[in-house]
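If you want the building blocks of each chain, they are given just below.
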Amino acid sequence: MSPILDSIGSVKAFGWGAFVAAAIPSYESIASTTVGSGGTSTITFSSIPQTYKHLQIRWLSKSNFSGSSNIVTTYCRFNGDSGNNYSWHYLNGDAGTLAAGGVADTYSIFLSYLPASGYTNMFGIAVCDILDYTNSNTYKTVRTFGGCDVNNTGGEKGIVSLATGNWRSFSAISSMTIGNASDLSNGFNQYTEFALYGIKG
Amino acid sequence: MATTYEKVQSTTLNSTQSTVSFTSISGAYTDLVLVLNPIANTAADSYPYIRFNSDSNTNYSRTFYRGTGTVTSADRAVNEDRGYLIGGNVVQTNNAFNGIVNINNYSNTTTFKSYSSRTNSPTGTNASAEGLVGMWRSTSAITNITIYCGSNSFVSGSTFTLYGILKA
């Protein structure tokens, strides 16, 4: 008996079993952005279609905050709301420390961690889910899992994080702005990539 | 809008083998998602890991946290020769280990590659829920992912699925 080989879209796998390929039709790409040279201040997805049940944002990111040994935080706001209408909680792990906490009545939602600009070639990774984003009967809830590892570069610890956030608004989410620091005062470095997807209900 | 989340390949093993490889991965997608539900050929602890492009040099690192039935912990490991998907979770005989691994922007040639994984190992002395972020210090596009069962083997019934996600 020989290994079964299958090839779909120029991708191959070897193993003692069967390979199957199929599409998941309920998951669609809405928009994406890749940061060019010089970086960017914030990233905004605007005019988000109201035709999906959930949203997912996936990214690989580096902050434009200068510093060779800093891990930076990513936050977001919805529909341009900078009022104290947000809250969030986190569960973080780094080199030997597990921490949990939260902030109420604040002006943005914490999402995840990423390296400062001094970390050559190193980027943070995260996947963020925004459930039922058009529901006019509920506040909006966000969940993000991600973080960054920097191989102890500069003696800095990486961080893995699970974060949840709440936007106390009944409005459907039609835009989302993402930046670094709680006031979104820092942006992203070159090669950062954010992609927004819609999931049908 | 175009459908963008595709199951590229999946396999259910019908015999014992020490590794499972996805090779010749094209750059046609933006992100990859690996879903695995393996079973080991031994009751001893087997620590699953991956290697990208067959790289066995010390180019991998990870930061993780985990919770067992009674204990929480966090830690990191640097300059490893493999990309562990776990902090302490194990694959064992009849152990329904499962994991989801995200590899974002896997085919770019300008950044090191980061991945995240969520795993659970519900039975045995290392039973826990875990989260992890890892890094492979290479700017090469990922074209090959090999999955190892520690120093042991995966047995029949183990499943591995690779998905591709394409941005707009």
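Looking at the overall build of chain B
- In terms of helices and strands, chain B carries 0 helices and 12 strands.
- Of the regular secondary structure in chain B, the N- to C-terminal order runs β-β-β-β-β-β-β-β-β-β-β-β.
- In terms of overall dimensions, chain B is globule-like: its C-alpha atoms have a radius of gyration of 15 Å, near the 15 Å expected for 168 residues.
- Here chain B holds 168 residues, and 57% of them are scored as buried.

Notes on the sheet that holds strand β13 (residues 176-180) of chain A
Residue and element names in this part refer to chain A.
- Reading across from one edge, β4-β13-β6-β9 is the order of the 4 strands in this open sheet, with antiparallel pairing throughout. Two strands in the sheet have a free side with no partner beyond their single neighbour: β4 (43-45) and β9 (109-115). Going across the sheet, the axis of each strand differs from the next one's by a mean of 20°, ignoring polarity.

Focus on the nonpolar core
- Residues I109, L111 and C148 of chain A together with L32 and I145 of chain B are the most contacted members of the largest nonpolar core, which totals 98 residues.
- With residues up to four places along the chain from it excluded, the contact list for I145 of chain B reads S21, F22, I25, L34, I50 and F52 of chain B.

Overview of the confidence of the model for chain B
- For chain B, mean pLDDT is 93; residues scoring 70 or higher make up 98% of the total.
- In the model output, the complex is listed with pTM 0.91 alongside ipTM 0.94.

Some thoughts on the pairing of strand β7 (residues 86-93) of chain A
All names here are of chain A.
- Most of β7 sits inside the fold, with 6 of its 8 residues counted as buried.
- Relative to strand β8 (residues 98-106), β7 is paired through 7 bridges, and the arrangement is antiparallel. Residue pairing across strands places Y86 opposite T106, the latter belonging to β8.
- Counting the residues between successive antiparallel strands, the hairpin from β7 to β8 contains 4 residues, one of them, G96, with a positive phi of roughly 100°.
- Taken together, the 8 bridges between β7 and strand β12 (residues 159-167) define a ladder with antiparallel strand orientation. For Y86, the partnering residue across the bridge sits in β12 and is W167.

Some thoughts on the environment of V127 of chain A
- Mapped onto the fold, V127 of chain A is located in strand β10 (residues 124-131).
- On the basis of neighbour counts, which here come to 21 C-beta atoms within 10 Å, the residue V127 of chain A falls in the buried class.
- Spatially, the C-alpha atoms of V127 of chain A and Y139 of chain A are 21 Å apart, while their sequence positions differ by 12 residues.
- Sequence-distant contacts of V127 of chain A, defined by excluding residues within four places in its chain, comprise Q56, R58, F145 and G146 of chain A together with N102 of chain B.

Some points on the pairing of strand β5 (residues 60-67) of chain B
All names here are of chain B.
- Burial within β5 is extensive, with 7 of its 8 residues counted as buried.
- Here 7 bridges tie β5 to strand β6 (residues 72-80), and the two strands are oriented antiparallel to one another. Residue pairing for β6: F64 is matched across the bridge by D75.
- Here β5 folds back onto β6 in antiparallel fashion, the turn holding 4 residues.

Things to note about the environment of L36 of chain B
All names here are of chain B.
- Inspection of the secondary structure puts L36 in strand β3 (residues 31-37).
- Expressed as a C-alpha distance, the spacing of L36 and L162, which sit 126 residues apart in the sequence, is 8.7 Å.
- The residues touching L36, leaving out its near neighbours within four places in the chain, are N98, G99, I147, T159 and F160.

A look at the interface of chain A and chain B
- With 56 residues of chain A in contact, the opposing surface of chain B contributes 59 residues.
- Secondary structure elements with two or more residues in the side of chain A that touches chain B: β1 (4-8), β2 (11-15), β3 (22-34), β5 (54-61), β10, β11 (140-148), β12 and β14 (193-199) of chain A.
- If you tally residues by element for the side of chain A that touches chain B, the top one is β3 of chain A, at 10 residues.
- Here the side of chain A that touches chain B is composed, by residue class, of 32 nonpolar, 16 polar and 8 charged.

What counts and what doesn't
- Residues numbered from 1 in each chain as written.
- Chains lettered and ligands numbered in written order.
- Predicted model: local features only at pLDDT ≥ 70, side-chain atom pairs only at ≥ 80, totals over all residues.
- Helix = DSSP H or I, 4+ residues; strand = E, 2+ residues; numbered from the N terminus.
- Rg over C-alpha atoms; globule rule 2.2 N^0.38 Å.
- Buried ≥ 20, exposed ≤ 12 C-beta atoms within 10 Å, placed from the backbone.
- Pairing = 2+ DSSP bridges.
- Axes fitted to C-alpha atoms, helices over the stretch in contact; angles between N-to-C directions.
- Core = buried A, V, L, I, M, F, W, Y, C linked by C-beta atoms within 7 Å.
- Contact = placed C-beta atoms within 7 Å.
- pLDDT = per-residue confidence, 0-100.
- Nonpolar A, V, L, I, M, F, W, Y, C, P; charged D, E, K, R; others polar.

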